[in-house]
Amino acid sequence: MNTLTISHLFSNLQAYQDQYLSIVNDPAQYYTPVENAYVKIWPAAKQPLYLGDLLQLWLAEKWIINAEKEPLINTILREKTQANPQLNQYVYAIEGNLLTGKNSAQAWSADLADKATLNVSALFQFYCVWKSLNRPQIQHKNYQQVV
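Because the structure is a prediction, the values reported are computed rather than measured.

(A) Geometry of the overall build of the chain. Helix and strand content of the chain: 6 helices and 6 strands. Beginning at the N terminus, the succession of helices and strands in the chain can be written as α-α-α-α-β-β-α-β-β-β-β-α. Looking at the 147 residues of the chain, the share that counts as buried comes to 39%. Looking at the chain alone, contacts between residues at least 24 apart form 54% of all its contacts between residues at least 6 apart. When the accessible surface of the chain is totalled, it reaches about 9,100 Å², and 50% of it is carbon and sulfur.

If you want it as structure tokens, here you go:
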């Protein structure tokens with residue numbers, strides 16, 4: 001399975017949007033790895049975000065920063081988006097520490113076609129939205145144990 005990059009995703013975003021339903025319903029497509037897309041909140045282990053995760057988060061506007069629409073994620077940024085005129089930043093990675101409160105997010109700026117690092121006051125909202133995603137079940141082969 002090929003690993004996608006964030007820049008590749010955005011250069012082909014319309015194609016992924018057109019295939020959205022087939023991607024989120026097919027485990028083979030849903031679980032396509034995306035380079036540097038993850039949730040890492042210490043002390044928990046780093047968990048990857050997949051193509052299907054990102055499409056759900058972005059197309060539902062849960063992990064998009066857009067000063068005109070004021071989505072959920074804007075309410076937890078330390079700096080107001082009005083102070084930063086860039087619109088349409090698509091978050092693809094969050095990282096933080098529950099003890100120190102040092103949290104950040106990586107986002108792709110659609111306007112600049114480049115990555116950006118954002119300071120985040122709290123990761124709980126990010127985490128809850130991500131954990132609430134509907135993911136297709138992976139079919140496991142039945143293995144018989146030899147006794």
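(B) Looking closely at helix α5 (residues 51-59). The buried count for α5 comes to 8 of 9 residues, which makes it a mostly enclosed element. Taken as a whole, α5 has its buried residues at L51, G52, D53, L54, L55, Q56, L57 and W58. Among the residues trailing α5, E61 stands out with phi positive, at a value near 60°.

(C) Expanded view of the packing of aromatic side chains. Under the defined criterion, the tally for this structure stands at 8 aromatic pairs. Consider the rings of Y31 and Y50, whose centres lie 5.2 Å apart with planes at 75°: the pair is edge-to-face. In this pair, Y31 is assigned in the loop between α4 (27-30) and β1 (33-42) and Y50 in strand β2 (residues 47-50), connecting sequence segments 19 residues apart. Joined through ring pairs, the aromatic side chains of F10, W58, Y90 and W108 make up one cluster. The cationic tip of K46 hangs over the ring face of Y38; the distance from NZ or CZ to the ring centre is 4.2 Å. Sitting over the face of the ring of W130, K131 holds its NZ or CZ atom 5.1 Å from the ring centroid.

(D) Highlighting the environment of K62. Mapped onto the elements, K62 comes out in the loop between α5 and β3 (64-65). As for K62 and V129, which are separated by 67 residues in sequence, their C-alpha atoms are 7.3 Å apart.

How each quantity is defined
Residues numbered from 1 in each chain as written. Predicted model: local features only at pLDDT ≥ 70, side-chain atom pairs only at ≥ 80, totals over all residues. Heavy atoms only, no water. Helix = DSSP H or I, 4+ residues; strand = E, 2+ residues; numbered from the N terminus. Buried < 20%, exposed > 50% of the residue type's maximum accessible area, 1.4 Å probe, protein only. Contact = heavy atoms within 4.5 Å. Areas by Shrake-Rupley, 256 points an atom, 1.4 Å probe, with all protein chains shown as cover. Phe/Tyr/Trp six-rings, centres within 6.5 Å; stacked < 30°, edge-to-face > 60°. Lys NZ or Arg CZ within 6 Å of the ring centre and 35° of its normal.

Read these as geometric descriptors, not functional statements.
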